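So the chains spell out like this:
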Amino acid sequence: MPMNTPDVLRLADIGYEAPTALLARRGLALRRVPAGEPIPGSFWGDEEAGIIGTTVYARDDTPVHSLLHEACHLLVLPAERRSQVHTDATDSVEEEDATCYLQILLADALPGVGRARLMTDMDAWGYSFRLGSTRAWFEQDAAEALAFLKTRNLA
């Protein structure tokens with residue numbers, strides 16, 4: 001791991017069982033990529049999760065926030081669009097905001113993660129929000145993202 005990489009929770013820290021079950025309950029699959037191999041469908045490369053169709057790809061060194069973010073990109077899309085996704089799920093600010101909000105909600109379903117830790121990791125990784133932190137955005141500036149999720153029965 002590079003010396004300047006933030007200390008965030010990674011799949012190796014929490015295992016694959018809970019994330020696999022969480023994604024499966026929502027119609028997605030999680031595929032484990034062997035160490036050292038490129039992650040299929042990864043937009044950012046390196047250890048970042050990838051998406052192709054309804055499958056999320058990750059390695060042991062993939063940050064949990066990255067896994068949830070990419071999975072949530074798929075979840076905010078209408079089901080009929082998911083199968084067409086390869087690497088880049090959206091260019092919509094509305095969908096990006098909803099993705100960030102949903103990943104925070106889903107963090108509570110992963111033992112040892114939870115929304116507080118996920119928001120800390122998102123800040124450490126460099127997610128950027130107008131109010132300066134993930135928590136401030138989530139608590140004070142995310143009404144539109146929540147409304148978007150509610151229209152899709154995701155929150």
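Keep in mind it's a predicted model, so treat the numbers as computed, not measured. (Residues numbered from 1 in each chain as written. Predicted model: local features only at pLDDT ≥ 70, side-chain atom pairs only at ≥ 80, totals over all residues. Heavy atoms only, no water.)

Enquirer: What is the right way to read the nonpolar core from this model?
Expert: The nonpolar side chains of soluble globular proteins are, as a tendency, buried together. Counting residues in hydrophobic clusters, the biggest one holds 41 residues, and the most contacted among them are L23, V56, L68, L118 and W137. Of all the elements in the fold, those that place two or more residues in this core are α2 (17-24), β3 (55-58), α3 (64-76), α5 (93-107), α6 (114-125), α7 (134-140) and α8 (143-151). Broken down by element, this core gets its largest block of residues, 8 residues, from α3. Excluding anything up to four places from it in sequence, V56 contacts L23, A29, L30, R31, A49, G50, I51, L67, A71 and L74. (Core = buried A, V, L, I, M, F, W, Y, C linked by side-chain atoms within 4.5 Å. Buried < 20%, exposed > 50% of the residue type's maximum accessible area, 1.4 Å probe, protein only. Helix = DSSP H or I, 4+ residues; strand = E, 2+ residues; numbered from the N terminus. Contact = heavy atoms within 4.5 Å.)

Enquirer: What should I look at first to understand the layout of surface pockets in this one?
Expert: To locate leftover empty space, one rolls a probe as large as a water molecule over the atoms. As a volume, the largest pocket reaches approximately 700 Å³. Along the wall of the largest pocket there are 29 residues; nearest its centre are H69, E96, D97, C100 and Y127. Broken down by secondary-structure element, the contributors of at least two residues to the lining of the largest pocket are α3, α5 and α8. Here the residues of the lining of the largest pocket are counted per class, giving 12 nonpolar, 8 polar and 9 charged. (1 Å grid on protein atoms, 1.4 Å probe; cavity = no way out; pocket = protein on both sides within 12 Å on 5 of 7 lines; lining within 4 Å. Points joined across faces, edges and corners; volume = space filled by probe spheres on them. Nonpolar A, V, L, I, M, F, W, Y, C, P; charged D, E, K, R; others polar.)

Enquirer: Please explain the packing of aromatic side chains as it appears in this structure.
Expert: Per the counting criterion, the structure on display carries 4 aromatic pairs. The interplanar angle of 85° and the centroid separation of 4.9 Å between the aromatic rings of F43 and W44 together place this pair among those described as edge-to-face. Pairing Y101 with W137 gives two aromatic rings, centres 6.0 Å apart and planes at 75°, and the pair type is edge-to-face. Linking Y101 in helix α5 with W137 in helix α7, this pair joins segments that are 36 residues apart in sequence. Take Y101: its relative accessible area is 9%, and that puts it in the buried class. W137 sits in the buried class, given a relative accessible area of 4%. Through a chain of ring-to-ring contacts, the aromatic side chains of Y101, F129, W137 and F138 assemble into a single cluster. (Phe/Tyr/Trp six-rings, centres within 6.5 Å; stacked < 30°, edge-to-face > 60°.)

Enquirer: I would appreciate a short explanation of the sheet that holds strand β1 (residues 29-32) in the present structure.
Expert: By definition, the strands of a sheet pair up through backbone hydrogen bonds, in either a parallel or an antiparallel sense. An order of β1-β3-β2 is seen for the 3 strands of this open sheet, with the pairing classed as mixed. Each having just a single partner strand, β1 and β2 (50-52) make up the two edges of the open sheet. Each strand of the sheet is rotated relative to its neighbour by a mean of 30°, with strand direction disregarded. Of the strand pairs in this sheet, β1 and β3 are connected by 4 bridges, and their pairing is parallel. Looking at the pairing, A29 lines up with T55 of β3. α3 rests against β1, β2 and β3 of the sheet, and its axis sits at about 165° to β3. (Pairing = 2+ DSSP bridges. Axes fitted to C-alpha atoms, helices over the stretch in contact; angles between N-to-C directions.)

Enquirer: Would you take a moment to explain the packing of α3 against α5 for this structure?
Expert: The relative placement of two packed helices is expressed as an angle between their axes plus a distance between the axes. Between α3 and α5, the least distance of the axes is 8 Å, while the angle of their chain directions is 125°. As far as their axial angle goes, α5 and α3 are oblique. Crossing angle aside, the handedness with which α3 passes α5 is right-handed. Contacts from H65, L68, H69, C72, H73, L75 and V76 in α3 reach E95, E96, A98, T99, C100, L102, Q103, L106 and A107 in α5. Within the contact of α3 with α5, the residues separate by chemical class into 9 nonpolar, 5 polar and 2 charged. (Parallel < 35°, antiparallel > 145°, perpendicular 65-115°, else oblique. Left-handed = near helix turned anticlockwise from the far one by under 90°.)

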